[in-house]
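A look at the structure
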Amino acid sequence: MYLRYTIGCLLTALSCCAASLISVPACAQAPAAAVPAAQKADSLALRRLYDEALLRGQSYENLRYLCQKIGPRLSGSPQAAQAVAWGKLTMEKANCFDKVYLQECQVPHWVRGAREKGEIVGNKGKGISAAVCALGGSVGTGGKLRAGVVEVKSLEALKALPDAAVKGKFIFFNRPFNDALIEPGAAYGAAGDQRRSGPAEAGRRGAVGALVRSLTAAHDDNPHTGATAYGDTPTKVPAAALSTLAADRLSQLLKADPGLQFELEMSCETLPDETSYNVVGEVRGTKYPDQIITVGGHLDSWDLAEGAHDDGTGVVQSIEAVRLLKAAGLRPERTVRAVLFMNEENGTRGGQKYAELAQQNHETHLAAIESDGGGFTPRGFAAQTTPALLKKVAIWGPLLAPYHANQLTAGHAGTDIEPLVNAVHPTALFGYDGDSQRYFDLHHSALDTFDQVNRRELELGGASMASLIYLLSKYGL
Ligand SMILES: [Zn+2]
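This section reports on the structure supplied with the text. Quantities reported herein were computed from a predicted structural model and do not represent experimental measurements. (Residues numbered from 1 in each chain as written. Predicted model: local features only at pLDDT ≥ 70, side-chain atom pairs only at ≥ 80, totals over all residues. Heavy atoms only, no water.)

So, unusual backbone geometry
Cis geometry is adopted by the peptide bond preceding aspartate 311, which originates at aspartate 310 and carries an omega value of 0 degrees. With respect to the secondary-structure elements, aspartate 311 resides in helix 9 (residues 308-327). The phi torsion at asparagine 343 lies on the positive side, around 75 degrees, for a residue other than glycine. Relative to the helices and strands, asparagine 343 is located in the loop between strand 12 (334-341) and helix 10 (349-360). On the basis of relative accessibility, which here comes to 0%, the residue asparagine 343 falls in the buried class. With a phi close to 55 degrees, threonine 348 is a non-glycine residue in the positive phi region. When you line up the elements, threonine 348 lands in the loop between strand 12 and helix 10. (Helix = DSSP H or I, 4+ residues; strand = E, 2+ residues; numbered from the N terminus. Buried < 20%, exposed > 50% of the residue type's maximum accessible area, 1.4 Å probe, protein only.)

What about the side chain of serine 77?
Structurally, serine 77 is set in the loop between helix 2 (59-70) and helix 3 (78-94). Judged by relative accessible area, serine 77 falls into the buried class, the value being 14%. Polar side-chain contacts of serine 77 include one of 2.6 Å to the backbone oxygen of leucine 74. (Polar contact = N/O pair within 3.5 Å; in protein donor to acceptor, adjacent residues only side chain to side chain.)

Notes on the sheet that holds strand 11 (residues 288-298)
Strand order in the open sheet formed by eight strands is 1-10-12-11-13-16-14-15, with mixed pairing between adjacent strands. Only two strands of the sheet have a single partner each, and these edge strands are strand 1 (99-111) and strand 15 (407-410). On average, adjacent strands in this sheet sit at an angle of 25 degrees to one another, irrespective of strand direction. Relative to strand 12, strand 11 is paired through eight bridges, and the arrangement is parallel. Bridge pairing links glycine 297 to leucine 340 in strand 12. This element, helix 9, spans strand 10 (269-283), strand 11, strand 12 and strand 16 (428-434) of the sheet and lies at about 150 degrees to strand 11. (Pairing = 2+ DSSP bridges. Axes fitted to C-alpha atoms, helices over the stretch in contact; angles between N-to-C directions. Contact = heavy atoms within 4.5 Å.)

Brief notes about the packing of aromatic side chains
For the structure on display, the rule yields eleven aromatic pairs. Between the aromatic rings of tryptophan 110 and tryptophan 302, the centroid separation amounts to 6.3 Å while the plane-to-plane angle is 80 degrees, which identifies the pairing as edge-to-face. Residue tryptophan 110 is located in strand 1, and its partner tryptophan 302 is located in the loop between strand 11 and helix 9; the two are separated by 192 residues in the primary sequence. For tryptophan 302, a relative accessible area of 4% puts it in the buried group. (Phe/Tyr/Trp six-rings, centres within 6.5 Å; stacked < 30°, edge-to-face > 60°.)

Let's talk about the pattern of salt bridges
It is possible for side chains of opposite charge to pair when their charged atoms get near one another. Within the structure shown, the criterion is met by 26 salt bridges. Of the charged contacts, one joins aspartate 42 and lysine 474 as a salt bridge, the two residues approaching to 2.7 Å between their closest N and O atoms. You can see aspartate 42 sitting in helix 1 (residues 35-56) and its partner lysine 474 sitting in helix 15 (residues 455-475), a full 432 residues away along the chain. For arginine 47, the salt bridge identified is with aspartate 51, shortest N-O distance 2.6 Å. Of this pair, arginine 47 and aspartate 51 both sit in helix 1, separated by four residues, roughly a single helical turn. Using a relative accessible area of 37% as the deciding quantity, one classes arginine 47 as partly exposed. Via salt bridges that share partners, Glu52, Arg56, Glu320 and Arg323 belong to a single interconnected network. (Salt bridge = Lys/Arg side-chain N within 4 Å of Asp/Glu carboxyl O.)

Describing the packing of helix 2 against helix 15
Describing two packed helices takes the angle between their axes plus the distance from one axis to the other. Running from N to C, helix 2 and helix 15 cross one another at 110 degrees; their axes reach a closest spacing of 9 Å. With respect to each other, helix 2 and helix 15 are oriented roughly perpendicular. Counting all contacts with helix 2, which are made through Ser59, Tyr60 and Leu63, the residues of helix 15 involved are Arg455, Leu458 and Glu459. Here the residues of the contact of helix 2 with helix 15 sort into three nonpolar, one polar and two charged. (Parallel < 35°, antiparallel > 145°, perpendicular 65-115°, else oblique. Nonpolar A, V, L, I, M, F, W, Y, C, P; charged D, E, K, R; others polar.)

Quick word on the environment of aspartate 310
Checked against the element boundaries, aspartate 310 lands in helix 9. Given the relative accessible area of 2%, aspartate 310 is considered buried. Separated by 3.0 Å, the side chains of aspartate 310 and histidine 444 make a polar contact.

Here you go:
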């Protein structure tokens, strides 16, 4: 995932009540006599969803297979193709969809090659190893690349430097996470421009490469990758992430020896685009089949680990949410589609294809839900909709409160479902929100493995998503 938790464009004018907990009593906006019976039925329905998830949940074992039998699955890789086949088969075996099908899309194919090497070289020629990894989309170094280093804390600081200070150097972007922010996603958003645009800007200014502090608050020796974009930059320079410890070490050594050099070796490259697929499972609504609710996560993952929290959990939760509805005897009144999107990490081609086809087919999309913030303990949902509809959704808060999934915030819902906004104007987008305090310790690094996922937290998340689908499907918006 990237760019989560930035305030959604549709909600910039939202009043403060929308950003607070869903604490509006269920009876506040409904006829007093009608509420108790409906509320009781809904309360029992949700309880059945959570019972099924906690007692007979299947998402944890599905995740085990995806992570440990298939593993890293960056777009265009053989493992991504295996994940597509696995996703289709898993949906078919879940026996809860009316139909399961693929949507073809062309995806970028970037490969890391041999693992990268980084070294800090002092003026006495002694090398100190520095943990690095190529940023996704980076060009390779074509052998060893050695140059001096200029440290900056922002793109603005780089702009202010004279050409002579930049030319022939590595630009070292070293702005850390702001640890004072309560939401780690906000810290990620605030530091993210260094990775996304820093290397392009370094190349434009005549630097030979870019070193970017990993986007994490953790202090360890695991570099965190992620996509960088050269855009229309004429000179593409190699771009690597440094672990936070390596970044601190380099910064410290530079203070003592501004003339030190850095040596980088990376063999990554971009190959021709590949054909890949979104995997879609659909249940036709009983009353309003033409109104679609999408629930999804992304099937691709970075190549350094198993892509467990990013975004294996979202994938298995999306399948599970639909299975839970069937197992609990809750046939949706509106059409529900679980979508395993391809290529969120370095292109969003799957999300764009899904929206494009929805527009071509003149579909009506009521809502879309994405889980792409890790499979942690439920907190609630981020929503992109109008303030009036957010209030309407808020009356479901008491139903979700027993499961601690009732926090509703205004915010960006998900990268894969975002293209629907311009294509088919869904009424609302929702992003599943779990407790994100540990997410960026793992995100895009070698630590994002199956053993970091807790079974109960994962299953509770799937049930929370199923609950929102149930309510949306029953009441609409
Ligand atoms: Zn993700």
